[in-house]
Amino acid sequence: MTHPLLTEDQINAFQRDGVTVIRGLFADHVETLRRGIEANMQAPGPYASENKKEGQTGRFFDDYCNWERIPEFAEVIKTSPAAEVAADLMRSKSVQMFHDHVLVKEPGTSMATPWHTDGPYYFVEGQQTVSFWSPLDHVTDASLRCVAGSHRWEKPVLPTRWTSEESFFANKDDYMPIPDPDAEGMTICEWEMEPGDAVAFNYSILHGARGNTSDTRRRAFSLRLVGDDARYVTRPGPTSPPYPGHEMQAGQRLREDWFPILLQR
Ligand SMILES: O=C(O)CCC(=O)C(=O)O
């Protein structure tokens, strides 16, 4: 039976378009996630960064892979309906943790999140993948923007560094250039969202976000999960996130002591 937060139409949209919105996915966990984000910003981890180019205004903070040291994140991962909903969306028997990501744009932040696809940065590939991007503040313009159907493109999109715009890996020619979805008339899915709603998208979806020109914060929590067919793949250099010392080999499932199974049906 499908999870009560979902309809068959949403599952079909996720399979077809690679993206859908789940209203209220973390609605019972908004305060917990806000507390977790405050704890994260007070004590950033080794991967935290401030994303700002010359002349830009505001503050765009992000950090990832903190769920094991921030109890609020661990609690939400274990007690929210995210894993059940992920299993239905991915049509997967198992749901495995990959990592968490916090992205905060303070009021008046000019920097847009560049168009990008997460998959090429990661050391995992498969059809059964899902990211849940959830704002902890009401969002209109600063919401996530996803290009429908881009998970079925033949070539992966070039991964770049967000501030310098340099290629992330040396093998540039193996990727397609980053498109300009607005100029190219692509179908962009974006929603006005309440705290705790979530955009669910496949790791191969091209996505980005505008700056935050509003006078309220735009705090977002992103949870990345994988399903049955996800396997470790090697990349031409250190991945993002890197997980140094993981010792996995190409073709293996992610090691369960580092990336726990959240659900097995
Ligand atoms: O929050 C943002 O601005 C971008 C989020 C994102 O790229 C992601 O969750 O993969």
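Residues numbered from 1 in each chain as written. Predicted model: local features only at pLDDT ≥ 70, side-chain atom pairs only at ≥ 80, totals over all residues. Heavy atoms only, no water.

**Comments concerning the overall build of the protein chain**
Inference 1: Check the secondary structure of the protein chain and you find four helices and 14 strands.
Inference 2: Relative to the globule expectation of 18 Å for 265 residues, the C-alpha radius of gyration of the protein chain, 17 Å, shows essentially globular dimensions.
Inference 3: Projecting the C-alpha coordinates of the protein chain onto the three principal axes gives extents of approximately 50 × 45 × 40 Å.
Inference 4: By residue count, 54% of the 265 residues in the protein chain fall in the buried class.
Inference 5: For the protein chain, the share of sequence-separated contacts (at least 6 apart) that also reach a separation of at least 24 residues comes to 81%.
Inference 6: When the accessible area of the protein chain is evaluated, it comes to approximately 11,600 Å², of which 49% is carbon and sulfur surface.
Inference 7: Side-chain charges of the protein chain comprise 27 positive and 39 negative groups, with the mean position of each set lying 1 Å from the other. (Helix = DSSP H or I, 4+ residues; strand = E, 2+ residues; numbered from the N terminus. Rg over C-alpha atoms; globule rule 2.2 N^0.38 Å. Buried < 20%, exposed > 50% of the residue type's maximum accessible area, 1.4 Å probe, protein only. Contact = heavy atoms within 4.5 Å. Areas by Shrake-Rupley, 256 points an atom, 1.4 Å probe, with all protein chains shown as cover. Lys, Arg positive; Asp, Glu negative; His and termini not counted. Charge placed at Lys NZ, Arg CZ, Asp CG, Glu CD.)

**What about the packing of aromatic side chains?**
Inference 1: Summed over all chains, the structure comprises 17 aromatic pairs.
Inference 2: Arranged with centres 6.3 Å apart and planes meeting at 90°, the rings of Phe-26 and Phe-221 form a pair that is edge-to-face. Separated by 195 residues along the polypeptide, Phe-26 in the loop between strand E1 (19-22) and helix H2 (30-42) and Phe-221 in strand E12 (residues 218-226) bring together distant segments of the chain.
Inference 3: Using a relative accessible area of 0% as the deciding quantity, one classes Phe-221 as buried. (Phe/Tyr/Trp six-rings, centres within 6.5 Å; stacked < 30°, edge-to-face > 60°.)

**A word on the pairing of strand E7 (residues 129-135)**
Inference 1: Most of E7 is tucked away, with seven of its seven residues classed as buried.
Inference 2: Neither face of E7 is open: one carries Thr-129, Ser-131, Trp-133 and Pro-135, the other Val-130, Phe-132 and Ser-134, and all of them are buried.
Inference 3: The pairing of E7 with E12 spans seven bridges and is classified as antiparallel. Bridge pairing links Ser-131 to Arg-224 in E12.
Inference 4: Of the pairings in the sheet, the one linking E7 to strand E10 (residues 198-201) comprises three bridges and is antiparallel in character. Bridged to Ser-131 within E10 is Phe-201. (Pairing = 2+ DSSP bridges.)

**With respect to the sheet that holds strand E8 (residues 144-147)**
Inference 1: Spatial strand order, E5-E11-E8-E9: four strands in an open sheet with antiparallel pairing. The sheet is open, and its two edges are formed by strand E5 (113-117) and strand E9 (188-189), each paired on a single side.
Inference 2: Here three bridges tie E8 to strand E11 (residues 206-209), and the two strands are oriented antiparallel to one another. Looking at the pairing, Arg-145 lines up with Gly-208 of E11.

**Considering the pairing of E12**
Inference 1: E12 sits mainly inside the fold: nine of its nine residues count as buried.
Inference 2: Here E12 shows no split at all, with Arg-218, Ala-220, Ser-222, Arg-224 and Val-226 on one side and Arg-219, Phe-221, Leu-223 and Leu-225 on the other all buried.
Inference 3: Pairing analysis gives nine bridges linking strand E4 (residues 94-105) to E12, with the strands arranged antiparallel. Along E12, the bridge assignment pairs Gln-96 with Val-226.

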